[in-house]
Amino acid sequence: MAVLSAEELAELRRRVRTSVGNVTWTKPQINAAVQATENWFEANRSSLVSAIDTATSPHSFTGAQKKALVAYWMLQKFAREGV
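Being a predicted model, the structure only gives us computed values, none of them experimental.

Student: Before we move on, could you go through the overall build of the protein chain and cite the residues and values that matter?
Tutor: From N to C terminus, the protein chain includes three helices and zero strands. Order of helices (α) and strands (β) in the protein chain, N terminus to C terminus: α-α-α. In terms of C-alpha radius of gyration, the protein chain reaches 15 Å, well past the compact-globule figure of 12 Å for 83 residues. C-alpha extents for the protein chain along the principal axes are approximately 45 × 30 × 15 Å. Taken across its 83 residues, the protein chain has 13% of its residues classed as buried. Entry remark: accessible area of the protein chain is about 6400 Å², with carbon and sulfur atoms responsible for 61%. The centroid of the 10 positive side-chain charges in the protein chain is displaced by 5 Å from the centroid of its 7 negative side-chain charges.

Student: Which residues make up helix H3 (residues 63–81), and what are the values?
Tutor: With 19 residues, H3 ought to run about 27 Å at 1.5 Å a step, and its terminal C-alpha atoms sit 27 Å apart, in line with that. In the segment just after H3, Gly82 is the residue with positive phi, at about 55°.

Student: Please set out the pattern of salt bridges residue by residue, giving values where relevant.
Tutor: Taken as a whole, this structure holds four salt bridges when the rule is applied. Two residues, Lys77 and Glu81, come together in a salt bridge whose shortest N-O distance is 2.5 Å. On the criterion of helical spacing, the pair formed by Lys77 and Glu81 is a turn pair, its members being four residues apart in helix H3.

Student: Could you give an account of the confidence of the model for the protein chain, with specific residues and numbers?
Tutor: Considering every residue of the protein chain, the mean pLDDT works out to 93; 98% of them sit at 70 or more. The secondary structure element of the protein chain with the lowest average pLDDT is helix H1 (residues 6–20), at 93, and the one with the highest is helix H2 (residues 27–56), at 96.

Student: Go over the packing of H2 against H3, please, and point to the residues and values.
Tutor: How two helices sit against one another is set out by the angle between their axes and by the gap between those axes. Running from N to C, H2 and H3 point in directions that differ by 105°, and their axes come no closer than 12 Å. Judged by the inter-axis angle, H2 sits roughly perpendicular to H3. Touching Phe41, Arg45, Leu48, Val49, Ile52 and Asp53 of H2 are Lys66, Lys67, Leu69 and Val70, all from H3. For the contact of H2 with H3, a count of residues per class yields six nonpolar, no polar and four charged.

Rules of the game
Residues numbered from 1 in each chain as written. Predicted model: local features only at pLDDT ≥ 70, side-chain atom pairs only at ≥ 80, totals over all residues. Heavy atoms only, no water. Helix = DSSP H or I, 4+ residues; strand = E, 2+ residues; numbered from the N terminus. Rg over C-alpha atoms; globule rule 2.2 N^0.38 Å. Buried < 20%, exposed > 50% of the residue type's maximum accessible area, 1.4 Å probe, protein only. Areas by Shrake-Rupley, 256 points an atom, 1.4 Å probe, with all protein chains shown as cover. Lys, Arg positive; Asp, Glu negative; His and termini not counted. Charge placed at Lys NZ, Arg CZ, Asp CG, Glu CD. Expected span 1.5 Å × (residues − 1). Salt bridge = Lys/Arg side-chain N within 4 Å of Asp/Glu carboxyl O. pLDDT = per-residue confidence, 0-100. Axes fitted to C-alpha atoms, helices over the stretch in contact; angles between N-to-C directions. Parallel < 35°, antiparallel > 145°, perpendicular 65-115°, else oblique. Contact = heavy atoms within 4.5 Å. Nonpolar A, V, L, I, M, F, W, Y, C, P; charged D, E, K, R; others polar.

As structure tokens, this is what we get:
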């Protein structure tokens with residue numbers, strides 16, 4: 001699993017703070033939450049790839065297409081559900 005760098009963590013903290021406004025957490029708490037999200041995604045990545053492959057068989061999306069599909073789905077889901 002990838003360990004997020006200090007720069008990545010700082011960027012994510014800034015984006016979350018900008019998005020939600022009122023900060024009610026400590027730096028270690030938000031860092032741990034973001035790292036847990038990274039860990040979960042990496043642990044479940046192959047399951048997601050398999051689910052996409054199963055759903056679209058016999059068609060197979062490329063790795064780049066799957067990344068784009070997931071990225072834009074996440075953006076749309078955030079826009080639909082917000083914070």
